[in-house]
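# Structure at a glance
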Amino acid sequence: MKYVAFLDILGFKEKLKAMKHDEARQFIGHFSSTAYAVWRDMDPKHLNGYIVSDSFIIYSADTSQISLDELVQAIDTICKKEFSANSILIRGAIAKGEFDKLQAREMSTLGKGLIVGQAYVDAYLLEGTVKTTGIVLSEDVYKDLLNIGGFGKNIFSESINGSKCYILRYLTLDYLLDIKRMEKFVELANSSGWLPHYYNSLYFSFRGESNDKKVHQVFINLFNTVAKGSPNENWRELDVFIRNAFDKNVLSDFQTRFLKYLRKSLF
């Protein structure tokens, strides 16, 4: 039994369509170099991993608490470093179960790597179930993290489309209150046409926050960044941001907080 994490780059296929071959090589090169640098600096003792194109697969040696703690710490560090260094947002999933990576070589010029195990399949399938930049957890991984303690403020149980989902966030409210990070986040959201993932990521960033002033400030910073300080000149960007906030795939709780902000700002 192992913990298996499957991580990939949000919007990579669309980015790839707009890139020339050399640009794509450079983009993936930056992604992998950053991940390798984090891995080297952390020097994890209970994890293994490898990168395939825009995907990063990490698996633990066992299902001990120390292995799970190290896995979550590695994911949090990698996700934040990819964002700060490369303007890359990561989404992913963690599952628990059987997993093996088998090496085989049949010809001198043909290498083969085989992944075997339900945990990998579960993580791969979970990754796309919630439109966010966070990490989706299987229920047993969520419970294991609760038992460890220390992650409670960053893991959530959420009802989405009638199903119970479990999320680990790495973009927190305090993290996004930094103006430079908010600018980078908005730049990525604008380039995607404001996909639901970005609104849902904002929602999870202030999920559980009792300080309304901090949430209000996030919306202020967000509006100022989208409008680039000039709402009259950049009204098209604002229109896209506001209109897409009410897409059916954006969590209703985000829409409620957004409307609360608008009412407070207008009256």
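Residues numbered from 1 in each chain as written. Predicted model: local features only at pLDDT ≥ 70, side-chain atom pairs only at ≥ 80, totals over all residues. Heavy atoms only, no water.

## Description of a nonpolar patch on the surface
What counts here: Nonpolar side chains (Val, Leu, Ile, Met, Phe, Trp, Tyr) within 5 Å and like charges within 9 Å form the patches, drawn only from residues with over 30% relative accessible area and no salt bridge. Surface accessibility follows the Shrake-Rupley procedure with a 1.4 Å probe radius. Residue values consider only the protein chains on display as shielding. Salt bridges are counted wherever a side-chain nitrogen of Lys or Arg sits within 4 Å of a carboxyl oxygen of Asp or Glu. Working definition: helices are DSSP H or I runs of at least four residues, strands are E runs of at least two. Numbering for both runs from the N terminus. Each residue is placed in one exposure class: buried if its accessible area under a 1.4 Å probe, protein chains only, is under 20% of its type's maximum, exposed if it is over 50%, and partly exposed if it falls in between.
Nonpolar side chains collect at one region of the surface, where Val-121, Tyr-124 and Leu-125 lie side by side and expose about 290 Å² of accessible area between them. Note that Val-121 resides in helix α4 (residues 118–126). When its relative accessible area of 35% is taken as the criterion, Val-121 is described as partly exposed.

## What to know about the sheet that holds strand β2 (residues 47–52)
Here is the rule we go by: In this scheme, strands are said to pair when DSSP sees at least two bridges between them. For helices, the fitted line uses only the C-alpha atoms of the stretch in contact; every axis is such a line through C-alpha atoms, and the angle between N-to-C directions lies from 0 to 180 degrees.
Overall, mixed pairing links the seven strands, which are arranged β2-β3-β1-β4-β7-β9-β8 in an open sheet. Of all the strands in the sheet, the pair left with one neighbour each is β2 and β8 (155–160). Neighbour-to-neighbour, the strand axes of the sheet open up by a mean angle of 25°, direction not taken into account. Relative to strand β3 (residues 55–60), strand β1 (residues 2–9) is paired through five bridges, and the arrangement is antiparallel. Following the sheet pairing, Asp-8 is matched in β3 by Ser-55.

## Observations regarding the side chain of Thr-225
How we decide: Any two residues whose heavy atoms approach within 4.5 Å are treated as being in contact.
Tracing the sequence through the fold places Thr-225 in helix α9 (residues 212–227). Ignoring anything within four residues of it in the chain, the contact list for Thr-225 reads Met-182, Glu-183 and Val-186.

## Examining the packing of aromatic side chains
What counts, and what does not: Only rings of Phe, Tyr and Trp enter the pairing, Trp through its six-membered ring, and a pair is recorded when the two centres are within 6.5 Å. The plane angle decides the type: under 30 degrees is stacked, over 60 is edge-to-face, the rest tilted. Our definition puts a charge over a ring when NZ of Lys or CZ of Arg is within 6 Å of the ring centre and also within 35 degrees of the ring normal.
Across all of its chains, the model carries 26 aromatic pairs by this definition. Seen from their ring centres, Tyr-199 and Phe-254 are 5.5 Å apart, and the 55° between their planes marks the pair as tilted. Taken together, the residues Tyr-199 in helix α8 (residues 196–205) and Phe-254 in helix α11 (residues 252–266) connect sequence positions 55 residues apart. Exposure class is identical for Tyr-199 and Phe-254. Each is buried. Across from the ring centre of Tyr-175, 4.0 Å away, lies the NZ or CZ of Arg-181, which sits over that ring. Here Lys-184 stacks its cationic end above the ring of Phe-83, 6.0 Å away from the centre of that ring.

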